[in-house]
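Tertiary structure, described
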Amino acid sequence: MATPQISRRDFLALAGLTSASAGCPAMAQALKAKDPDAGLKTFQATCSMECLHCNLKAFVKDGKVVKIGNANAFDGKPCARGLSRIKWLYAENRVLHPMKRVGERGEGKFVAITWDEALDTIAGKIKEAIAKDGSQSL
Ligand code: SF4
């Protein structure tokens with residue numbers, strides 16, 4: 001049977017972790033100080049507007065998401081789109097409420113409307129399409 005190989009660096013890291021888990025407060029404190037995520041709140045997350053494939057974790061500091069990573073039980077690899085959610089979340093041009101076009105298509109003129117108005121408009125258009133061309137038109 002082959003003997004497992006371990007580097008000196010891995011051995012020392014493992015020994016440090018073992019000491020910490022065995023209750024060495026000084027080592028545990030040192031490891032915590034090296035952990036950049038220590039003190040951050042975490043929340044279960046995923047990409048609801050995309051594929052919902054990954055089980056993600058959002059790291060929150062002072063009420064703002066500062067990092068996205070894997071949830072503990074998920075061993076897949078989140079894609080770059082998912083990991084870049086923070087940029088989308090806090091983008092200056094992110095649309096935060098419904099907007100209605102008031103100019104010509106492509107002109108870029110919009111006004112803010114309420115959610116009720118937006119939903120009524122959408123429901124009205126859906127009913128209109130069904131009445132005109134049947135449910136297959138959707
Ligand atoms: S990280 Fe990428 S693959 Fe995972 S759920 Fe989000 S969009 Fe889908």
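Because the structure is a prediction, the values reported are computed rather than measured.

Things to note about a nonpolar patch on the surface
The grouping of Trp115, Leu119, Ile122, Ile126, Ile130 and Leu138 at the surface amounts to a nonpolar patch, some 630 Å² of accessible area in total. Among the structural elements, isoleucine 122 can be located in helix H5 (residues 115-133). Classification of isoleucine 122 as partly exposed rests on a relative accessible area of 49%.

Remarks on the sheet that holds strand S2 (residues 56-61)
Two strands in a sheet stick together by hydrogen bonds in their backbones, pointing the same way (parallel) or opposite ways (antiparallel). A sheet is described by the order of its strands in space; here three strands give the open sequence S1-S2-S3, paired in antiparallel fashion. Strand pairing shows two members of the sheet lacking a second neighbour, strand S1 (41-45) and strand S3 (64-70), which therefore form its edges. Across the sheet, the mean angle separating the axes of adjacent strands is 30° when strand polarity is ignored.

Some points on the pairing of S3
Two strands pair when backbone bridges link them, and S2 and S3 are joined in this way by six bridges, in the antiparallel orientation. Within the sheet, the bridge partner assigned to leucine 56 lies in S3 and is asparagine 70. Linking two consecutive strands that pair antiparallel, namely S2 and S3, is a turn of two residues; a positive phi of about 50° is found at aspartate 62 within it.

Section: the environment of histidine 53
With respect to the element layout, histidine 53 can be found in the loop between S1 and S2. In sequence terms histidine 53 and cysteine 79 are 26 residues apart; their C-alpha atoms lie 9.9 Å from each other. Contacts of histidine 53, omitting those with residues within four sequence positions, involve Thr46 and Phe74.

The rules behind the values
Residues numbered from 1 in each chain as written. Predicted model: local features only at pLDDT ≥ 70, side-chain atom pairs only at ≥ 80, totals over all residues. Heavy atoms only, no water. Patch = residues over 30% accessible without salt bridge, like charges linked within 9 Å, V, L, I, M, F, W, Y side chains within 5 Å. Areas by Shrake-Rupley, 256 points an atom, 1.4 Å probe, with all protein chains shown as cover. Salt bridge = Lys/Arg side-chain N within 4 Å of Asp/Glu carboxyl O. Helix = DSSP H or I, 4+ residues; strand = E, 2+ residues; numbered from the N terminus. Buried < 20%, exposed > 50% of the residue type's maximum accessible area, 1.4 Å probe, protein only. Pairing = 2+ DSSP bridges. Axes fitted to C-alpha atoms, helices over the stretch in contact; angles between N-to-C directions. Contact = heavy atoms within 4.5 Å.

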